[in-house]
Each structure stands twice: as C-alpha cells, then as structure tokens.
Amino acid sequence: MKNHLLLAYMAVCGTVLAYLFWNLGIKEIGAANTAVFFNLVPIFTMILALFTGLEPNPVQISGALIVIGGVILATGSYKTLLAKLNTKSFTNR
C-alpha cells in the first residue's frame, strides 16, 4: 500500500503540479529565467531520495552546492543579498 501511495504522489506532483508551476514561472519571469531553475531538478530528486532512506555521498552534495551556486549567480540573487548586507552595514554605524 505504501508503494502505491508513493507512486500516486510522484504521478501527481511530478506531472500535474510540476507542469502547472513551470508554466506559471514562465508566465511570471519569462522562459529564459525559468530555464535556469531546471538545473535544480537533480537536487530535488536527491532530497526525495532522502525520504526513501538513501543518503547522498560527498560528491553529490558538492555537486548540489555547485548547482545552487550557479543558479544564484545566473538569477542575480547575489545582488539582492549584497545590497541588503551593504544597507545593514550603513545602518549599524
């Protein structure tokens, strides 16, 4: 029974919800910006594997960190973080 529930979860979340959110992302931020987030698919797969009892090895963890860093650089999120850090440093004086 547990395997059937996991299969149903993967069918619903992996197809219906994934495509729904993907299309919403394209609508909101455009196709080029949305494509960058496709690189996060293996990371979410690794996280789901944790629920089944599989532990990632150090190479997988370092690969995940590299991918996350690449997504942060590609989306420009680091600029927002740096701006917040600079604002805090001026307000703390």
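Every chain is numbered independently, its residues counted from 1 as its sequence is written. Residues qualify for local features only when their pLDDT is at least 70, as the model is predicted, and side-chain atom pairs are given and counted only at 80 or more; totals for whole chains, interfaces and linings, by contrast, use all residues. Here the side-chain values reflect all heavy atoms present in the structure, with hydrogen atoms and water set aside.

Further remarks concern the overall build of the chain. Broken down by element type, the chain carries five helices and zero strands. Starting at the N terminus, helices and strands are each numbered in turn, a helix being any DSSP run of H or I of at least four residues and a strand any DSSP run of E of at least two. Traced from its N-terminal end to its C-terminal end, the chain shows the element sequence α-α-α-α-α. In summary, the chain has a C-alpha radius of gyration of 18 Å against a globular reference of 12 Å for 93 residues, an excess of more than 25%. Split into buried and exposed, the 93 residues of the chain put 9% on the buried side. Working note: accessible area of the chain is about 7,800 Å², and carbon and sulfur atoms make up 72% of it. Note on method: radius of gyration uses C-alpha positions; expected globular size equals 2.2 Å times residues raised to 0.38. Working definition: with a 1.4 Å probe on protein chains only, accessible area under 20% of the residue-type maximum means buried, over 50% means exposed, and in between means partly exposed. Calculation of accessible area relied on Shrake-Rupley with a 1.4 Å probe; when residues are assessed, cover is drawn exclusively from the protein chains displayed.

Each helix should span, by expectation, one fewer than its residue count multiplied by 1.5 Å. Compared with the 40 Å implied by 1.5 Å per residue over 28 residues, the 37 Å span of helix α1 (residues 2–29) between its first and last C-alpha is a close match. Bend at a residue means the angle formed by two fitted axes: the first through the 7 residues ending at that position, the second through the 7 residues beginning there. Taken as a whole, α1 carries its principal kink of about 35° at Ala-18. Just beyond α1, the residue with positive phi is Gly-30, at close to 90°.

Bringing the layout of surface pockets into the picture now. Within this scheme a cavity is a closed region of a 1 Å grid, computed over the protein atoms alone, that accommodates a 1.4 Å probe without allowing it to escape, whereas a pocket is open but has protein on both sides within 12 Å along at least five of seven lines; lining residues each have an atom within 4 Å of a point. Grid points are joined across faces, edges and corners, and a volume is the space filled by probe spheres set on the points. When its volume is computed, the largest pocket comes out at roughly 1,000 Å³. For the largest pocket, the lining is made up of 25 residues, of which Cys-13, Gly-14, Ala-18, Phe-44 and Leu-48 are closest to its centre. Of all the secondary-structure elements, those providing two or more residues to the lining of the largest pocket are α1 and α3 (41–51). Counting residues per element, the lining of the largest pocket draws most heavily on α1, which supplies 13 residues. Amino acids are sorted into nonpolar (Ala, Val, Leu, Ile, Met, Phe, Trp, Tyr, Cys and Pro), charged (Asp, Glu, Lys and Arg) and polar (every other residue, Gly among them). Taken together, the residues of the lining of the largest pocket break down into 19 nonpolar, five polar and one charged.

A separate point is the nonpolar core. The tendency in soluble globular proteins is for nonpolar side chains to be buried as a group. Nine residue types can take part in a nonpolar core, namely buried Ala, Val, Leu, Ile, Met, Phe, Trp, Tyr and Cys, and a core is a set of them joined through side-chain atoms within 4.5 Å. Formed by Val-36, Leu-40, Ile-43, Ala-64 and Val-71, the largest nonpolar core amounts to five residues. Note on definitions: a residue-residue contact is assigned when non-hydrogen atoms from the two residues lie within 4.5 Å. Ignoring sequence-local partners within four residues, the contact set of Leu-40 consists of Val-67, Ile-68 and Val-71.

Glancing now at a nonpolar patch on the surface. Only residues above 30% relative accessible area that lack a salt bridge enter a patch, with like-charged residues linked at up to 9 Å and the nonpolar side chains Val, Leu, Ile, Met, Phe, Trp and Tyr linked at up to 5 Å. Here, a salt bridge means any side-chain nitrogen of Lys or Arg that lies within 4 Å of a carboxyl oxygen of Asp or Glu. A grouping of Ile-61, Leu-65, Ile-68, Ile-72, Leu-73, Tyr-78, Leu-81, Leu-82 and Leu-85 is seen on the molecular surface, where their side chains present a nonpolar patch of about 820 Å² in accessible area. Counting only elements with at least two residues in the nonpolar patch, the list comes to α4 (58–75) and α5 (77–91). Sort the elements by how many residues they give to the nonpolar patch and α4 lands first, with five residues. Summarising the element assignment, Ile-72 is placed in helix α4.

Every residue carries a pLDDT, the predictor's confidence in it, which falls somewhere between 0 and 100. Of the residues in the chain, 95% reach a pLDDT of 70 or more, and the chain-wide mean stands at 86. Highest mean pLDDT in the chain belongs to α4 (92); lowest belongs to α5 (75).

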